[in-house]
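Given next are the chains, with one letter for each unit.
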Amino acid sequence: GGGGGGGGGELAVTVARGGGVTETLPADLVVACDGRYSALRQQLAPAVPCYGPPYVADFRIVAPGAPPPMEGPLWRVYNRPDAAALAAKYGGDTAIRAAAEGVVRVGLMRMPARAGAAPGEVETGLFGNVRLSDESLEAYGSLRSGAVLRDLFAAPRLDPIGDFVLRVLEAHGDAAHWARKQQTETAYAALGGRVLFCGDSAGAIYPSLGQGANLSLEDACVVAAAFRRGLRDEQRRDAARLDAAALAEHVAAVRGSRRDFVRDMSRAHAEHVSSGDLDAEAAAWNDGPDGEWGSRLGRLWRGWPRAATSELPPLRARTATRANFAAFGELVAESEDGELYDATAGGIDASLDLSQGPPRLYLMRLDGPRELSVSMITRHQRVTQCLGALGEEKDFYLVVHQPGDEPSVGGLNAFRVPPRHFVKLHAGTWHAGPLWTRDEHRTFVNLELADTNITDHDCVDLVAGSIPLLVDAAAS
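Residues numbered from 1 in each chain as written. Predicted model: local features only at pLDDT ≥ 70, side-chain atom pairs only at ≥ 80, totals over all residues. Heavy atoms only, no water.

Structural notes on the overall build of the chain
Phase 1: Assigned secondary structure in the chain consists of 12 helices and 25 strands.
Phase 2: C-alpha atoms of the chain, sized along the principal axes, occupy 80 × 60 × 45 Å.
Phase 3: Relative to its 476 residues, the chain shows a buried fraction of 45%.
Phase 4: Across the chain, contacts joining residues at least 24 apart in sequence account for 78% of those joining residues at least 6 apart.
Phase 5: For the chain, the computed accessible surface area is about 23,000 Å², with 53% contributed by carbon and sulfur atoms. (Helix = DSSP H or I, 4+ residues; strand = E, 2+ residues; numbered from the N terminus. Buried < 20%, exposed > 50% of the residue type's maximum accessible area, 1.4 Å probe, protein only. Contact = heavy atoms within 4.5 Å. Areas by Shrake-Rupley, 256 points an atom, 1.4 Å probe, with all protein chains shown as cover.)

With respect to the sheet that holds strand β7 (residues 104–111)
Phase 1: Strand order in this open sheet of five strands is β6-β7-β8-β5-β9, and the pairing throughout is antiparallel. In this open sheet, the two edge strands, each paired with only one partner strand, are β6 (74–79) and β9 (177–180). Direction aside, neighbouring strands of the sheet carry axes that sit 20° apart on average.
Phase 2: Note: strand β5 (residues 56–64) against strand β8 (residues 123–131), nine bridges, orientation antiparallel. Paired with A63 across the two strands is T124, which belongs to β8. (Pairing = 2+ DSSP bridges. Axes fitted to C-alpha atoms, helices over the stretch in contact; angles between N-to-C directions.)

Some remarks on the packing of aromatic side chains
Phase 1: Enumeration over the complete set of coordinates arrives at seven aromatic pairs.
Phase 2: Between F59 and W178, the aromatic rings sit 5.2 Å apart at their centres with planes inclined by 40°, giving tilted as the arrangement. Here F59, found in strand β5, pairs with W178, found in strand β9; they are 119 residues apart in sequence, far enough to count as distant.
Phase 3: Relative accessible area serves as the criterion here: at 0%, F59 is assigned to the buried category.
Phase 4: You can call W178 buried: its relative accessible area is 7%.
Phase 5: Geometrically, the ring pair formed by Y140 and W178 is tilted, given 6.0 Å between the ring centres and 55° between the ring planes. Residue Y140 is located in the loop between β8 and α4 (146–153), and its partner W178 is located in strand β9; the two are separated by 38 residues in the primary sequence.
Phase 6: Overall, Y140 belongs to the buried group, its relative accessible area being 9%.
Phase 7: In textbook terms, an aromatic cluster arises when at least three aromatic residues are bridged by ring pairs, as seen for F59, Y140 and W178.
Phase 8: Above the plane of the ring of Y37 lies R36, whose end atom (NZ or CZ) is 4.7 Å from the centre.
Phase 9: The ring of Y362 is capped by R360, whose NZ or CZ atom sits 3.6 Å from the centre of that ring. (Phe/Tyr/Trp six-rings, centres within 6.5 Å; stacked < 30°, edge-to-face > 60°. Lys NZ or Arg CZ within 6 Å of the ring centre and 35° of its normal.)

A few points about the pattern of salt bridges
Phase 1: Under the defined criterion, the tally for this structure stands at 31 salt bridges.
Phase 2: The closest approach of N and O atoms between K181 and D58, which form a salt bridge, is 2.9 Å. In this pair, K181 is assigned in the loop between β9 and β10 (189–190) and D58 in strand β5, connecting sequence segments 123 residues apart.
Phase 3: In the salt-bridge network here, residues are joined through shared partners; they are E218, D219, R255, R258 and R259. (Salt bridge = Lys/Arg side-chain N within 4 Å of Asp/Glu carboxyl O.)

Re the side chain of H431
Phase 1: On the secondary structure map, H431 appears in strand β22 (residues 430–435).
Phase 2: Of the polar contacts made by the side chain of H431, one reaches the side chain of Q385; its length is 3.3 Å.
Phase 3: Looking at H431, its side chain comes within polar contact range of the main-chain oxygen of T429, at 3.1 Å.
Phase 4: If we skip the residues at most four places from it in the chain, H431 touches I377, T378, R379, H380, Q385, V399, V400 and L425. (Polar contact = N/O pair within 3.5 Å; in protein donor to acceptor, adjacent residues only side chain to side chain.)

Quick look at the nonpolar core
Phase 1: Ranked by internal contacts, the top residues of the largest apolar core, which has 33 residues, are F59, V130, L143, L152 and W178.
Phase 2: Where this core is concerned, the elements lending two or more residues are β5, α3 (94–100), β7, β8, α4 and α5 (160–172).
Phase 3: Every residue in contact with L152, bar those within four places of it in the chain, is listed here: N79, P81, L86, A99, A100, V104, V130 and L143. (Core = buried A, V, L, I, M, F, W, Y, C linked by side-chain atoms within 4.5 Å.)

Quick word on the sheet that holds strand β25 (residues 467–470)
Phase 1: An order of β12-β25-β16 is seen for the three strands of this open sheet, with the pairing classed as mixed. Only two strands of the sheet have a single partner each, and these edge strands are β12 (315–316) and β16 (373–374).
Phase 2: Bridging between β12 and β25 involves two bridges; their strand directions are parallel. Residue R316 lies in a different strand from β25, and its bridge partner there is L470.
Phase 3: Where helix α7 (residues 244–269) meets the sheet, it contacts β12 and β25, and its direction lies at approximately 110° from that of β25.

Looking at a nonpolar patch on the surface
Phase 1: On the surface, L361, L363, L390 and V445 cluster together into a nonpolar patch covering about 380 Å² of accessible area.
Phase 2: Secondary-structure assignment places L363 in strand β15 (residues 359–367).
Phase 3: Classification of L363 by relative accessible area gives exposed; the value is 58%. (Patch = residues over 30% accessible without salt bridge, like charges linked within 9 Å, V, L, I, M, F, W, Y side chains within 5 Å.)

Some points on unusual backbone geometry
Phase 1: That bond from G368 to P369 is cis: its omega, 0°, falls within 30 degrees of zero.
Phase 2: Among the secondary structure elements, P369 is positioned in the loop between β15 and β16.
Phase 3: With an omega dihedral of 5°, the bond running from G433 to P434 counts as a cis peptide bond.
Phase 4: Within the secondary structure, P434 sits in strand β22.
Phase 5: Backbone geometry at L191 places phi at a positive 55°, although glycine is not the residue there.
Phase 6: Secondary-structure assignment places L191 in the loop between β10 and β11 (195–197).
Phase 7: Residues other than glycine seldom take positive phi values, yet R420 does so here, at roughly 60°.
Phase 8: Overall, the relative accessible area of 34% leaves R420 in the partly exposed class.

Structural data, given as structure tokens:
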């Protein structure tokens, strides 16, 4: 089918019924689930694929027979190719030379029986990655060979699993399915929200971590939740039509940062194949749940949307001003040298209370991105905490709730703190943050008491899952 119309006009879809028969149907909303190569996405929100760096090619093989006994359902095999031996055998072939300069990796798993398979018939799935370069990106045909794949994975000593991998590559490598890793920018809506993209059509990711299908299922769940909420709102208003723009806005707010996080993490995981740093790959997967990679994996595996929060409206972030932030604290901007102290409502300074213990002023380094969402908030009742980002153009987001013993979702407010500003929080103000979207570390000036994080740190889990922030796409 195809779409027509504009953001405020009528929308129609032309459906091909077969036999050359077409039918044009009016529509309030079109949901495009037509995959990575979505024709509708290319028509309405063109996505230029990014192939790297890192430049990596994937191959997949389904071979008859069972793998040797493995610990768990999935096993990964890595190898550093013998670059000198490959150069001697294949000369200056660009693609083989590029592959030999990286790490080659293959995963294998026992496949479930196909429909119609004979009793006892077993198959093994192999999926592998090899390095490309900017020179071999468009010409890597020499890698599509069982003999070449065997030589890339050959090693002086092989255990039974390694031996099995070599035999499968040699016997079935010529028929492997190949694709280059690529990603596209995220876009969940077009035509003013009248067209909603779901699954791979919303944005392609490197398949390094096998998260494409998971993201598609998550999208489907959130879209269904948005429909439920939208239809309830329609019934309350006795509206004649679904508010498609509001539905698309909801989905984009709930899903945008999650998809971007998984996309960026999947691309980062491909770096080890491209760099040839097998030690870094091993260290990343063995640094435990509190290490940098382990904590990001935890966020990836635990960050799926929950039904309880998928229907909640996102928090729309406002840029903080002295006036709109007054219920939660004070926004402080730059002032000229020599200006007198003024902490009144229309003033320029913060009214501080550091009387409950020794103050602590320090620089706090945090790694990003920090997802624009909230599930837990915290408070400090004995101090007026101050927080500001270092850097000429560094803004950040903060979620706050007025002081009180029973914070609620309905009382949450989200703010963007502009560059060259800091916030003072009233004692007892609940808060979550700082948050920002870019993959970079930021340094914050933090003023509190010496023991704030030990004796004055109350936390509350508001929801199972998280509530997203709706922000200006150009900011942070």
